[in-house]
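Fold and contact review
Here's the letter readout for the chains.
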Amino acid sequence: DVKVTQSSRYLVKRTGEKVFLECVQDMDHENMFWYRQDPGLGLRLIYFSYDVKMKEKGDIPEGYSVSREKKERFSLILESASTNQTSMYLCASSFRTEVTEAFFGQGTRLTVV
Amino acid sequence: KQEVTQIPAALSVPEGENLVLNCSFTDSAIYNLQWFRQDPGKGLTSLLLIQSSQREQTSGRLNASLDKSSGRSTLYIAASQPGDSATYLCAVPRGAQKLVFGQGTRLTINP
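Tallying secondary structure elements over chain A gives 0 helices and 11 strands in all. Of the regular secondary structure in chain A, the N- to C-terminal order runs β-β-β-β-β-β-β-β-β-β-β. For chain A, whose C-alpha radius of gyration is 13 Å, the value lies close to the compact-globule estimate of 13 Å for 113 residues. Principal-axis analysis of the C-alpha atoms places the extent of chain A at approximately 40 × 25 × 25 Å.

Encoded structure:
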């Protein structure tokens, strides 16, 4: 079975902290994604990566950065956490071609206080 | 710009009923369409992937259909059970497998 694992289910951080969310996949997928999910707004793409050290901005990249040093790991970084970044964060991965399934992790519920 | 719509936003049915969830998309030039399930506070679980060349895909009590020309997909759930209660989302790729999601249908199966 494909496995996408996010490092934490729940996180509570203080405003201004630097926050790292980690995601690891075990299927040798080229593509990896970070989404956030908010009530009434649905899932929105923050960043995605189609190869090691490659990244592309999604729809809402402001306040975030990413790192992909190894194929299996994709990190989302909140440079200075703010309360409006309180959300559910979802990592996903897929093969590069257009016709394959995307697989998601279990989600990280981040609360910034 | 691809937009995905799911109607209804919420649905409540008695156990045992067959039901249909709807998904529509504005740009018919899609490679595939994927249906997901999400339990409260959890991640997304992939249910079915329909390729653009397919019209139907089945997994157990689930059957998904795709009509590209009309921009519609349906997810049919047979003999519903309380364990089917969840939010169901459909999604289509927008270049390089970036997914565009519908808002989801929150399904409640009443025992």
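Glancing now at the interface of chain B and chain A. Counting residues at the interface gives 22 residues for chain B and 27 residues for chain A. Taken over both partners, the interface formed by chain B and chain A buries close to 1,900 Å², and the fraction arising from carbon and sulfur atoms is 51%. Per-residue buried area on chain B facing chain A is highest for B:Leu44, B:Gln97 and B:Lys98; these three make up 27% of the total on that side. Across the chain B-chain A interface, the total number found is 2 salt bridges. With a shortest N-O distance of 3.3 Å, B:Arg94 and A:Asp59 are connected by a salt bridge. Applying the counting criterion to the chain B and chain A interface returns 8 residue pairs in polar contact (both at pLDDT 80 or more). For the side of chain B that touches chain A, the secondary-structure elements that each account for two or more residues are β4 (32-38), β5 (44-51), β9 (86-93) and β10 (99-101) of chain B.

Our focus in this paragraph is the pattern of salt bridges. The final tally for this structure, using the stated rule, is 10 salt bridges over all chains. The residue A:Glu69 makes a salt bridge to A:Lys53 at a minimum N-O spacing of 2.5 Å. Linking A:Glu69 in strand β7 (residues 64-70) with A:Lys53 in the loop between β5 (42-51) and β6 (54-57), this pair joins segments that are 16 residues apart in sequence. The exposure class assigned to A:Glu69 is exposed, which follows from its relative accessible area of 52%. Between B:Arg61 and B:Asp84 there is a salt bridge, with the nearest N and O atoms lying 2.8 Å from each other.

A complete count under the given rule lists 2 disulfides over all chains for this structure. In this model A:Cys23 forms its disulfide with A:Cys91; the gap between the sulfur atoms is 1.9 Å. On the S-S bond that ties A:Cys23 to A:Cys91, the torsion sits near -80°, and the link is left-handed. Linking A:Cys23 in strand β3 (residues 19-25) with A:Cys91 in strand β9 (residues 87-94), this pair joins segments that are 68 residues apart in sequence. Of the two residues examined, A:Cys23 and A:Cys91, each falls in the buried class. Disulfide pairing places B:Cys23 opposite B:Cys90 at an S-S distance of 2.0 Å. Since a negative S-S torsion denotes a left-handed disulfide, the B:Cys23-B:Cys90 link at about 85° is right-handed. Taken together, the positions of B:Cys23 in strand β3 (residues 19-25) and B:Cys90 in strand β9 put the pair 67 residues apart, joining distant regions of the chain.

A separate point is the packing of aromatic side chains. Under the criterion given, the structure shown has 9 aromatic pairs over all chains. Their ring planes at 40° and their centres at 5.8 Å tell us that A:Tyr35 and A:Phe104 sit as a pair that is tilted. Separated by 69 residues along the polypeptide, A:Tyr35 in strand β4 (residues 31-38) and A:Phe104 in strand β10 (residues 103-104) bring together distant segments of the chain. Using a relative accessible area of 1% as the deciding quantity, one classes A:Tyr35 as buried. Centre to centre, the rings of A:Phe104 and B:Phe36 are 5.4 Å apart; their planes meet at 85°, and the pair counts as edge-to-face.

Below, the discussion takes up the environment of B:Gly16. Residues and elements named next belong to chain B. Looking at the element boundaries, Gly16 is found in the loop between β2 (10-14) and β3. Residue classification places Gly16 among the partly exposed residues on the basis of a relative accessible area of 45%. Along the primary structure Gly16 and Lys68 are separated by 52 residues, whereas in three dimensions their C-alpha atoms are 30 Å apart. Ignoring sequence-local partners within four residues, the contact set of Gly16 consists of Ala79 and Ser80.

Residue and element names in this part refer to chain A. Spatially, 4 strands are ordered β1-β3-β8-β7 in an open sheet, and the strand pairing comes out antiparallel. Of all the strands in the sheet, the pair left with one neighbour each is β1 (4-6) and β7. Sheet twist, expressed as the average angle between the axes of neighbouring strands with direction ignored, equals 20°. Direction of pairing for β1 relative to β3: antiparallel, over a ladder of 3 bridges.

What counts, and at which threshold
- Residues numbered from 1 in each chain as written.
- Chains lettered and ligands numbered in written order.
- Predicted model: local features only at pLDDT ≥ 70, side-chain atom pairs only at ≥ 80, totals over all residues.
- Heavy atoms only, no water.
- Helix = DSSP H or I, 4+ residues; strand = E, 2+ residues; numbered from the N terminus.
- Rg over C-alpha atoms; globule rule 2.2 N^0.38 Å.
- Contact = heavy atoms within 4.5 Å.
- Buried area = accessible area lost by both parts, 1.4 Å probe.
- Salt bridge = Lys/Arg side-chain N within 4 Å of Asp/Glu carboxyl O.
- Polar contact = N/O pair within 3.5 Å; in protein donor to acceptor, adjacent residues only side chain to side chain.
- Buried < 20%, exposed > 50% of the residue type's maximum accessible area, 1.4 Å probe, protein only.
- Disulfide = S-S within 2.5 Å.
- Phe/Tyr/Trp six-rings, centres within 6.5 Å; stacked < 30°, edge-to-face > 60°.
- Pairing = 2+ DSSP bridges.
- Axes fitted to C-alpha atoms, helices over the stretch in contact; angles between N-to-C directions.

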